[in-house]
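Structure assessment
Listed below are the residues making up each chain.
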Amino acid sequence: MSAVLVRPGRVTLTEWAAVYRGAGVTLDESCFARITAGADAVAAILGRGEPVYGINTGFGKLASVRIDAADLERLQRNIVLSHCVGVGDAMPVAVARLMLALKIANVAQGASGVRPDTVRLMCALLERGLTPVVPSQGSVGASGDLAPLAHLAGALIGVGEIELPSGVRRPALEALGKAGLAPLTLAPKEGLALLNGTQFSTANALAALFDIETVFQSALVTGALSTEAAKGSDTPFDPRIHALRGHRGQIETAATLRALMAGSAIRASHRTGDPRVQDPYCLRCQPQVMGAALDLLRYAARTLECEANGVSDNPLIFPDTGEALSGGNFHAEPVAFAADTMAIALCEIGSLSERRVAMLVDPALSGLPAFLTPNPGLNSGLMLPQVTAAALVSENKQCAHPASIDSIPTSANQEDHVSMAAHGARRLHGMVANAAGIVGIELITAAQGCDFYGDLRSSAPLEAVREAVRERVAPLADDRYLHTDLRAASELVRGRALVRAVRGVPLPALECP
């Protein structure tokens, strides 16, 4: 991928998605004037001798403790060391890279008081593929993602570990040295600026958002294919129905479903003489359910794009007036709400998909052979994949309890209300994997259902999908080891194979024009 030019405050979701998927990062050089002005403002504040939180005072409950000028460098190093208390598995490299890019965009706006050399070192890490090893647990989402960001800052001063492009982990000091980079000696305010902020929560939420978009689009494709396998009607997707209600997401998903099924010989085969009056909700109400999910996801996308382009550390430096103002931009409540919203949408995407699987394997509902096997009884067919889908749906429901409604006081009750955005965002990765597994099971089920119609073909886009499936998963005749098939189908979903297969059909996207 070509490098993304990061223009602090103006980075699009598409650009952040490219960074997550491996694109390089080039920081707009014009921002260095603002960075320098912020660092100069910190120096001027120190020169006036006035007490300013985090610059020449202690932190949190210790904010009233004045620090001597001779100890200011040590103060910043100490806050990094004392806050490197993360536990659990390390962040995935792609998410950690995104977090580092978000932190660069945050401090490059000149309101954090860091020096140009500090920003350039962070850019150098991304350029050389050096990723700080950041434990994924330990943040409550205010006062910023302190523990995870401390591990990021620790790598800059030569503490902790860095993962090399080869996947090997090395002590940070060693990794920096071999890359020709010198560790930082932190100047006043810099340690606090690097630790404070919502970049851990935001990176996890954004990464999940980009993956959810793929699962959502794939679920629209499998939903259309399931409708074909059930010989369902496309009448419920008529634009006149959805125009009367007016929800944008509903209108767009109905249009996509119509386009996916346009020209289908399977649909044409039962336009007349079909005794059924209405399809089950899992087919008929796809625009209403998936459209509502799309609207929720777009709300989350707008929130996260705003957060990614904002400044969320504390205190904030205003070079024009020479002021340092203490506030609460580190509180990640917007991210927590966005993450909870995404969890709800994920649950419904998976739940609707599983209901279509259950409908297709039930001969009383689908009119197809029981469990979609040519020889039921001797063979169980797709009986158990539906059970797996049901298990994943239930697990996602359990995971979707809102994180944002929880809070626990920290720092001797100074930080007495926190967002839990880190929890809310981090749990989304497992939920995405579950949803992709469910949609993958539907993909196998829908393709198997259509196979029973012999030479009767679906639309061109959906036949391209069936072809993509059959390149990885053979039709099911007699029972066989299905684990490999389920894994392959999930990979097709997460790898955007279905999106590519229907490339002629515009699929709803989360970044609205």
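Residues numbered from 1 in each chain as written. Predicted model: local features only at pLDDT ≥ 70, side-chain atom pairs only at ≥ 80, totals over all residues. Heavy atoms only, no water.

**Remarks on the overall build of the protein**
What counts here: Only DSSP runs of H or I reaching four residues or more are called helices, and only runs of E reaching two or more are called strands; each is numbered from the N terminus. Between the two quantities, the radius of gyration covers C-alpha atoms and the globule rule is 2.2 Å times the number of residues to the power 0.38. Throughout this description, buried means an accessible area under 20% of the type-specific maximum (1.4 Å probe, protein chains only), exposed means over 50%, and partly exposed covers the range between. Contacts between residues were defined by any pair of non-hydrogen atoms, one from each residue, lying within 4.5 Å. Per-residue accessibility takes into account occlusion by the displayed protein chains alone, with areas from the Shrake-Rupley method and a 1.4 Å probe.
The helix and strand inventory of the protein stands at 22 helices and nine strands. Its C-alpha radius of gyration of 26 Å places the protein within 12% of the 24 Å reference for a compact globule of 513 residues. C-alpha atoms of the protein, sized along the principal axes, occupy 90 × 50 × 40 Å. Within the protein, the proportion of its 513 residues that are buried is 56%. Within the protein, contacts between residues separated by at least 24 positions form 78% of all contacts whose residues are at least 6 apart in sequence. A total of about 20,200 Å² of accessible surface is found on the protein, and carbon and sulfur atoms cover 56% of it.

**A look at the packing of helix α9 (residues 199-229) against helix α20 (residues 460-470)**
The following threshold applies: Lines fitted to C-alpha atoms define the axes here, with helix axes fitted over just the stretch in contact, and angles between the N-to-C directions of these axes take values from 0 to 180 degrees. Relative orientations are named as follows: roughly parallel for angles under 35 degrees, roughly antiparallel for angles over 145 degrees, roughly perpendicular for angles from 65 to 115 degrees, and oblique for any other angle. Gly counts as polar in this scheme, as do all residues outside two lists: the nonpolar Ala, Val, Leu, Ile, Met, Phe, Trp, Tyr, Cys and Pro, and the charged Asp, Glu, Lys and Arg.
Following both chains from N to C, one finds α9 and α20 inclined at 100°, their axes separated by 10 Å at the closest point. The orientation of α9 with respect to α20, classified from their angle, is roughly perpendicular. The segment α9 lies against α20, with V221, A224, L225 and E228 engaging L462, V465 and R466. For the contact of α9 with α20, a count of residues per class yields five nonpolar, no polar and two charged.

**So, the nonpolar core**
To keep things clear, this is the line we draw: Think of a nonpolar core as a cluster: buried Ala, Val, Leu, Ile, Met, Phe, Trp, Tyr and Cys residues, connected wherever their side-chain atoms sit within 4.5 Å.
Formed by 147 residues in total, the largest nonpolar core has its most connected members in W16, L27, V119, L206, L209 and M342. The element best represented in this core is α9, accounting for 17 residues. Residues contacting M342, with those up to four places away along its chain left out, are A205, A208, L209, I212, L297, A300, L304 and L428.

**Considering the layout of surface pockets**
To be explicit about the condition: Definitions used for this entry: grid spacing 1 Å over protein atoms alone; cavity, a set of points where a 1.4 Å probe fits but cannot get out; pocket, an open set with protein on both sides within 12 Å along at least 5 of 7 lines; lining residue, one with an atom within 4 Å of a point. Grid points are joined across faces, edges and corners, and a volume is the space filled by probe spheres set on the points.
Quantified by volume, the largest pocket comes out at close to 320 Å³. H83, S143, L146, S411 and E415 are the residues nearest the centre of the largest pocket, which is lined by 21 residues in total. Counting only elements with at least two residues in the lining of the largest pocket, the list comes to α3 (72-83) and α6 (146-156). Of the voids in this model, the second largest pocket is the one considered here, and its volume is about 240 Å³. Along its surface, the second largest pocket is lined by 13 residues, and S233, R276, V277, Q278 and D279 are the ones closest to its centre.

**Some thoughts on the sheet that holds strand β4 (residues 131-132)**
Operational definition: Any two strands between which DSSP finds at least two bridges are classified as paired.
With antiparallel pairing, the three strands of this open sheet are ordered in space as β4-β6-β7. The strands lining the two open edges of the sheet, one partner per strand, are β4 and β7 (169-171). The pairing of β4 with strand β6 (residues 161-163) spans two bridges and is classified as antiparallel. The residue of β6 that forms the bridge with T131 is E163.

**Some points on the pattern of salt bridges**
Which entries qualify depends on this criterion: A side-chain nitrogen of Lys or Arg and a carboxyl oxygen of Asp or Glu constitute a salt bridge if their distance falls within 4 Å.
The full count for this structure, using the stated rule, is 24 salt bridges. A salt bridge links R267 to D234; its shortest N-O distance comes to 2.9 Å. In this pair, R267 sits in helix α12 (residues 265-268) while D234 sits in the loop between α9 and α10 (239-245), placing the two residues 33 residues apart along the sequence. As far as burial versus exposure is concerned, R267 and D234 are alike and both buried. A salt bridge links R457 to E463, with the nearest nitrogen and oxygen atoms 2.8 Å apart. When its relative accessible area of 13% is taken as the criterion, E463 is described as buried. Salt bridges here are not isolated pairs; linked through shared partners, they connect D451, R457, E463, R466 and R470.

**A short note on the packing of aromatic side chains**
Selection rule: The pairing test for Phe, Tyr and Trp rings, Trp by its six-membered ring, is centres within 6.5 Å, and the orientation test on the planes gives stacked under 30 degrees, edge-to-face over 60, and tilted for anything in between.
With the rule as written, the count across this model stands at one aromatic pair. Ring centres of Y20 and F210 lie 6.1 Å apart, and the angle between their planes is 35°; on these two criteria the pair is classed as tilted. With Y20 in helix α1 (residues 13-20) and F210 in helix α9, the pair connects residues that are 190 residues apart, well separated along the chain. Here the two residues Y20 and F210 agree in accessibility, since each one is buried.

**A short note on empty space enclosed by the protein**
One pass over the full model with this rule turns up two cavities of 30 Å³ or more. Of the voids in this model, the largest cavity is the one considered here, and its volume is about 40 Å³. What lines the largest cavity is simply L382, I444, Q448, R470, V473, A474, P475, L476, R480, L482 and D485. Split into classes, the residues belonging to the lining of the largest cavity amount to seven nonpolar, one polar and three charged. Together, L102, T198, Q199, T202, E307 and A308 line the second largest cavity.

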